[in-house]
Amino acid sequence: MKLTPTAVDGVTIVDVEAFSDDRGLFARTFCQEEFAAAGLEAAVAQCSVAYNRRAGTMRGLHWAGEPVRETKLVRCTRGALLDVVVDSRPGSATYLEHVAVELTADNHRALFIAAGLAHGYQTLVDDTEATYQMNVPFTPGHDRGLRFDDPRLGIAWPLPVSAISEKDRGWPLLPAGAPGDELVQLGQA
């Protein structure tokens, strides 16, 4: 595996190093020792899958609030999606900055997302599936979110939104204020 940090602190691109022959390919997608050596949370407590029928489907932007320290490893196993991670940690050097990475079933790429970072994606084709590995089980009542279309975030989503949950559409916009106070004002820090 090749682990590449991104411009947003806590987001790492995970590329496989595939062995190919006439049967196809084989590659490791996770190695606890390699993740730990790179300073990434290496525990896996829960795995989930999200299937999306239509291109343009939006999921996110989500994270788990304190005291939950949820990390994620997200991979596209069918189709294609644009994965976006926003630094939602007040006081971070990359606060409210984002990184966008295309994950596809063909590129076998994944994203490691540290605790406290908001994560979401938009599907680029119909019938797209994503898998998640998390270090802790989902904890109801600790979910937090940012609006996917918040102008302060400046995310350029590639397609019009074809499907989104009411919860994701309803996250409040970031208020004007001193940098770092936005999420505290929303009760989401």
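Residues numbered from 1 in each chain as written. Predicted model: local features only at pLDDT ≥ 70, side-chain atom pairs only at ≥ 80, totals over all residues. Heavy atoms only, no water.

Trainee: Please explain the nonpolar core as it appears in this structure.
Mentor: Grouped burial of nonpolar side chains is what soluble globular proteins tend to show. Among the nonpolar cores identified, the biggest contains 28 residues, and Phe35 and Leu111 are the most heavily contacted of them. Put simply, the parts of the chain that give this core at least two residues each are strand S2 (11–15), strand S7 (72–78), strand S8 (80–87), strand S9 (98–104), strand S10 (110–113), strand S11 (117–123) and strand S12 (128–134). For this core, the element with the highest residue contribution is S10, accounting for four residues. Excluding its chain neighbours within four sequence positions, the residues that come into contact with leucine 111 are Val11, Thr12, Ile13, Lys72, Leu73, Val74, Asp83, Val85, Val101 and Leu103. Listed in part, the 16 residues of the second largest apolar core include Leu61, Ala118, Leu153 and Ile155. (Core = buried A, V, L, I, M, F, W, Y, C linked by side-chain atoms within 4.5 Å. Buried < 20%, exposed > 50% of the residue type's maximum accessible area, 1.4 Å probe, protein only. Helix = DSSP H or I, 4+ residues; strand = E, 2+ residues; numbered from the N terminus. Contact = heavy atoms within 4.5 Å.)

Trainee: Please clarify how the state of the cysteines should be interpreted in this entry.
Mentor: Such a bond, covalent and formed between the sulfur atoms of two cysteines, is termed a disulfide. Taken as a whole and judged by the stated rule, the model has zero disulfides. Looking at cysteine 47, it has no disulfide partner, and the nearest cysteine sulfur is the one in cysteine 31, 16 Å off. For cysteine 47, a relative accessible area of 55% translates into the label exposed. In this structure cysteine 76 is a free cysteine whose sulfur lies 16 Å from that of cysteine 47, the closest cysteine sulfur available. (Disulfide = S-S within 2.5 Å.)

Trainee: Just checking my understanding: could you explain the packing of aromatic side chains for this structure?
Mentor: Applying the stated criterion across every chain, the model contains two aromatic pairs. Aromatic pair phenylalanine 30 and phenylalanine 35: ring centres 4.9 Å apart, planes at 55 degrees, arrangement tilted. Residue classification places phenylalanine 30 among the partly exposed residues on the basis of a relative accessible area of 26%. The buried category is assigned to phenylalanine 35, whose relative accessible area is 1%. Feature note: the residues Phe30, Phe35 and Phe112 constitute an aromatic cluster, connected by ring pairs. (Phe/Tyr/Trp six-rings, centres within 6.5 Å; stacked < 30°, edge-to-face > 60°.)

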